[in-house]
Amino acid sequence: MSGAFALLHPPASPLPPFLSFNRISHFHSPPPLSTAGNQTGHTILSTMIPLFRMSSYVLDFWRVTSRRSVLISKASISTMTKDEESTGSLKKQLSKLFEKSLRITVPSESDVEPLIAACAPKFGDYQCNNAMGLWSRIKNKKDNGFKGPPSIGKVIMDNLPSSEMIEKCTLAGPGFVNITLTTSWIAKNIQKMLIDGIETWAPSLQIKRAVVDFSSPNIAKEMHVGHLRSTIIGDTLARMLEFSNVDVLRRNHVGDWGTQFGMLIEFLFEKFPNWEDASAQAIGDLQEFYKASKKRFDEDPDFKGRAQQAVVRLQGGEASYRKAWAQICEISRNEFNKVYQCLGVQLEEKGESFYNPHIPGVIEKLSNQGLVEESQGARVIHIEGVNIPLIVVKSDGGYNYASTDMTALWYRLNEEKAEWIIYVTDVGQQQHFEMVFSAAKRAGWLPANDNMYPKASHVGFGLVLGEDGKRFRTRNTEVVRLVDLLDEAKNRSKSALIERGKAAEWTEQELEHTAEAVGYGAVKYADLKNNRLTNYTFNFDQMLNDKGNTAVYLLYAHARICSIIRKSGKDIDELKKTGVLSLNHADERALALHLLQFSEVVEEACTNLLPNVLCEYLYNLSENFTKFYSNCQVVGSAEETSRLLLCEATAVVMRKCFHLLGITPVYKI
């Protein structure tokens, strides 16, 4: 890191403090991702529409409204019509206008939805891509009134309602309608956001309540690097949904029930005769405790017998066994919470034991529907197209993961009234969850159509690799403890700050907080910027680099914007009330348009469950700001007030991106 940062002087409305709790999770197949991995700010849908445009095919030019002055007066901010005053996704606002045109243009095709996508700047700002698809539907109908896609595009354009937001439309190629937004409207909406707050740009989703099931470590085992992706990805998905005004139930489905607890409890009784008084310090490292008990279980038949009997007594509710179980869980929980506190992750624990009492009733419901069948002594649900059945009761009468997951899904749908249940686990569990979801569809819990609600989704993710291309491990082949990895990131960040003399300039608290923000943020962003389905290589040097697409670079960019505003000596809150935003320079307009696309990017990231879409947007925002700042003097220029407002709008959106990614911003270099 060549830049140093400080968490000093946050904005008047700081981000809410992070809390911490527990869990590792799961998810259903998202929309096809064959092209999603290469998306930047574009929708997956837009990649399906041929975007070959030839300037020689430009057939028409239509001015929707007269060109308005780029300068915005304060009084004009509230002059928008009711529809145009709506906040949120710019793409949705355009879709509403084009939907009206489509209903007039092709009244017989009432199910056609507007296909609106951002386009290359040389063509405009956005594009309506309906003409070709419509022509394929109506070309064989008599008297359809059209000669081909271009004529459909022309009529779509002609039927578009007059709107303050659109400056002009042009027709290109096989019916593409290119849209240029009114620059004054862009400026007006950004200034309105500065006054009313970034929350007014929250996307509007179809659901009210969602469950995000993530993290999910196992009791008596350390959280390791394998839990990193589920915890970080799940937290970001939850944050984006919460920003979109969805009531999110953050669930930590910890592995706190099962046969291994008989082994652990019996070992606890044996090692600590006065186990009720044994402290966490006395028990020591739970991971080592688990290994020792497993070794004993595998090598000593007498101990194994006692451990198996202990499971029966635990599940039977015997008080001493339940109390020992609770003590082991609490020690683990405290260790998990140290990691969650570092990461700023909130979770509510509802582990396997929570659902255990509900399993018999759910199995009975499924049996009464004729879905559960006997197979080799076990009770199973057959899934169409899958060779192996879903075992819901083992041959020995015990329950398993499928029993618990089916019950958890039933509980979340019926008791918690969730409309979208999202499971964040590694891709290796994809088939398991697809089978659970298929069984739920057979039972009528979920609709057969995956595009309808309620629905369940599995969010799979790839591996964290070492530089040798294998699973990330320590030199002695042990799995890397997550708490050690986070400590290393913080310590490296702190060392870089000290090398640059910040220990002499800042208080120890400022140094500590900044090291945490940069170190933890670097680890998170290095994970989230990748398409979650891909493996990625964990490299401290790369993630802590202050150049390129890293959290350090982005935090530096934000701190620089804050520095520009401070150096102006102006009261930015006062400027929001009295200043005027104008976008006369091309780089000002490009930056402003990118800011205005924030809502639709968050919506895309939510809908497709892809945090990397937001990361790409944030990086591009920083690049757009750099270009603007290089070509447009801010402090001391005639446009200082306007450009300070554009700087502030950029900082506000960057901070919200950081918040959604779980990264703490820094304000001073």
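Just so it is clear, the structure is predicted and the values come from calculations on it, not from any experiment.

With respect to the overall build of the protein chain
Counting its secondary structure elements, the protein chain contains 25 helices and 15 strands. Residues classed as buried in the protein chain amount to 55% of the 669 residues present. Taking the intrachain contacts of the protein chain between residues at least 6 apart in sequence as the baseline, contacts between residues at least 24 apart amount to 77%. Summing over all exposed atoms, the protein chain offers an accessible surface of approximately 28500 Å²; the carbon and sulfur share of this is 50%.

Focus: the side chain of Ser244
In this fold, Ser244 is placed in the loop between α6 (226-243) and β7 (247-252). Among the polar contacts listed, one links the side chain of Ser244 to the backbone oxygen of Met240, at a separation of 2.9 Å.

As for the sheet that holds strand β13 (residues 455-459)
One open sheet holds the 5 strands; their spatial order is β8-β7-β6-β12-β13, and the pairing between them is parallel. Lying at the two open borders of the sheet, with one neighbouring strand each, are β8 (348-349) and β13. Contacts from helix α14 (residues 401-414) reach β6 (209-213), β7, β12 (420-424) and β13, with the element oriented near 145° to β12.

Let's talk about the pattern of salt bridges
Scanning all chains against the criterion turns up 50 salt bridges. A salt bridge links Lys441 to Asp450; the shortest N-O distance between them is 2.6 Å. What makes Asp450 partly exposed here is its relative accessible area of 32%. Via salt bridges that share partners, Glu266, Glu270, Arg296, Asp300 and Arg306 belong to a single interconnected network.

Considerations on the nonpolar core
One broad rule of soluble globular proteins: the nonpolar side chains tend to lie buried together. Formed by 161 residues in total, the largest nonpolar core has its most connected members in Leu241, Leu485, Phe538, Phe598, Leu614 and Val653. A per-element tally of this core places helix α25 (residues 640-660) first, with 12 residues. In contact with Phe538, other than residues within four places in its own chain, are Leu228, Val464, Leu465, Glu467, Phe472, Leu485, Val523 and Met543. Ranked by size, the runner-up nonpolar core spans 34 residues in total, among them Val362, Ile381, Ala402 and Tyr411.

Here's the deal with the packing of aromatic side chains
Taken as a whole, this structure holds 19 aromatic pairs when the rule is applied. Arranged with centres 5.2 Å apart and planes meeting at 90°, the rings of Phe354 and Tyr411 form a pair that is edge-to-face. Remark: Tyr411 occurs in helix α14 and Phe354 occurs in helix α12 (residues 352-355); sequence separation between them is 57 residues. On the basis of relative accessibility, which here comes to 29%, the residue Phe354 falls in the partly exposed class. Judged by its relative accessible area of 14%, Tyr411 falls in the buried class. On the numbers, 6.1 Å between centres and 40° between planes, the contact of Phe433 with Phe437 is tilted. With Phe433 and Phe437 both in helix α15 (residues 430-442), this residue pair falls 4 residues apart, about one helical turn.

Describing unusual backbone geometry
In this structure, the amide linkage connecting Tyr453 to the following residue, Pro454, adopts the cis form with an omega of 0°. Summarising the element assignment, Pro454 is placed in the loop between α15 and β13. Backbone geometry places Asn245, a non-glycine residue, at a positive phi of 65°. Classification of Asn245 as exposed rests on a relative accessible area of 60%. With phi around 55°, Lys417 is a residue other than glycine that occupies positive phi space.

Digging into the sheet that holds strand β10 (residues 378-381)
Taken together, 3 strands build an open sheet; the order of strands is β9-β10-β11 and the sheet is antiparallel. Every interior strand has two partners, whereas the edge strands, β9 (373-375) and β11 (390-393), have only one. Across the sheet, the mean angle from the axis of one strand to that of its neighbour is 50°, orientation sign disregarded. Relative to β11, β10 runs antiparallel, the two being bridged by 3 bridges. From the neighbouring strand, Arg379 faces β11, where its bridge partner is Val393.

Overview of the pairing of β6
A regular strand places its side chains so that they alternate between the two faces of the sheet. Of all 5 residues in β6, 4 are buried, a share of seventy percent or more. Taken together, β6, α6 and β7 form a β-α-β motif whose crossover is right-handed.

Notes on the pairing of strand β5 (residues 176-181)
Here β5 lies mainly inside the structure; 6 of its 6 residues are buried. Across the two faces of β5 the burial is the same, with Phe176, Asn178 and Thr180 and Val177, Ile179 and Leu181 all buried. Two elements, strand β3 (residues 126-128) and β5, share 3 bridges in a ladder whose sense is antiparallel. Looking across to β5, one finds that Gln127 is bridged to Asn178. Note that strand β4 (residues 166-172) and β5 share 6 bridges and pair antiparallel. When the sheet's bridge partners are listed, Ala172 is paired in β5 with Phe176.

Looking at the packing of helix α22 (residues 586-596) against helix α24 (residues 611-631)
With their axes 9 Å apart at the nearest point, α22 and α24 run at an angle of 160° to one another. Classified by the interaxial angle, the pair formed by α22 and α24 is roughly antiparallel. Crossing angle aside, the handedness with which α22 passes α24 is left-handed. From α22, Asp587, Glu588, Ala590, Leu591, His594 and Leu595 reach across to α24, where they touch Tyr617, Asn620, Leu621, Asn624, Phe625, Lys627, Phe628 and Asn631. Partitioned by chemical class, the residues of the contact of α22 with α24 number 7 nonpolar, 4 polar and 3 charged.

So, the confidence of the model for the protein chain
Summarising the model, the protein chain shows a mean pLDDT of 85, and 85% of its residues fall at 70 or more. Here residues 8-86 scores under 50 on pLDDT; set against residues more than four positions off or in separate chains, the count is 237 contacts.

Digging into α25
The terminal C-alpha atoms of α25 lie 30 Å apart, and with 21 residues this matches the ideal 30 Å at 1.5 Å per residue to within 8%. Among the 21 residues in α25, 20 count as buried, and that is most of the element. Looking one or two places after α25, you find Gly662, whose phi comes out positive at around 75°.

Cut-offs and rules
Residues numbered from 1 in each chain as written. Predicted model: local features only at pLDDT ≥ 70, side-chain atom pairs only at ≥ 80, totals over all residues. Heavy atoms only, no water. Helix = DSSP H or I, 4+ residues; strand = E, 2+ residues; numbered from the N terminus. Buried < 20%, exposed > 50% of the residue type's maximum accessible area, 1.4 Å probe, protein only. Contact = heavy atoms within 4.5 Å. Areas by Shrake-Rupley, 256 points an atom, 1.4 Å probe, with all protein chains shown as cover. Polar contact = N/O pair within 3.5 Å; in protein donor to acceptor, adjacent residues only side chain to side chain. Pairing = 2+ DSSP bridges. Axes fitted to C-alpha atoms, helices over the stretch in contact; angles between N-to-C directions. Salt bridge = Lys/Arg side-chain N within 4 Å of Asp/Glu carboxyl O. Core = buried A, V, L, I, M, F, W, Y, C linked by side-chain atoms within 4.5 Å. Phe/Tyr/Trp six-rings, centres within 6.5 Å; stacked < 30°, edge-to-face > 60°. Right-handed = clockwise from strand over helix to strand, strands pointing away. Parallel < 35°, antiparallel > 145°, perpendicular 65-115°, else oblique. Left-handed = near helix turned anticlockwise from the far one by under 90°. Nonpolar A, V, L, I, M, F, W, Y, C, P; charged D, E, K, R; others polar. pLDDT = per-residue confidence, 0-100. Expected span 1.5 Å × (residues − 1).

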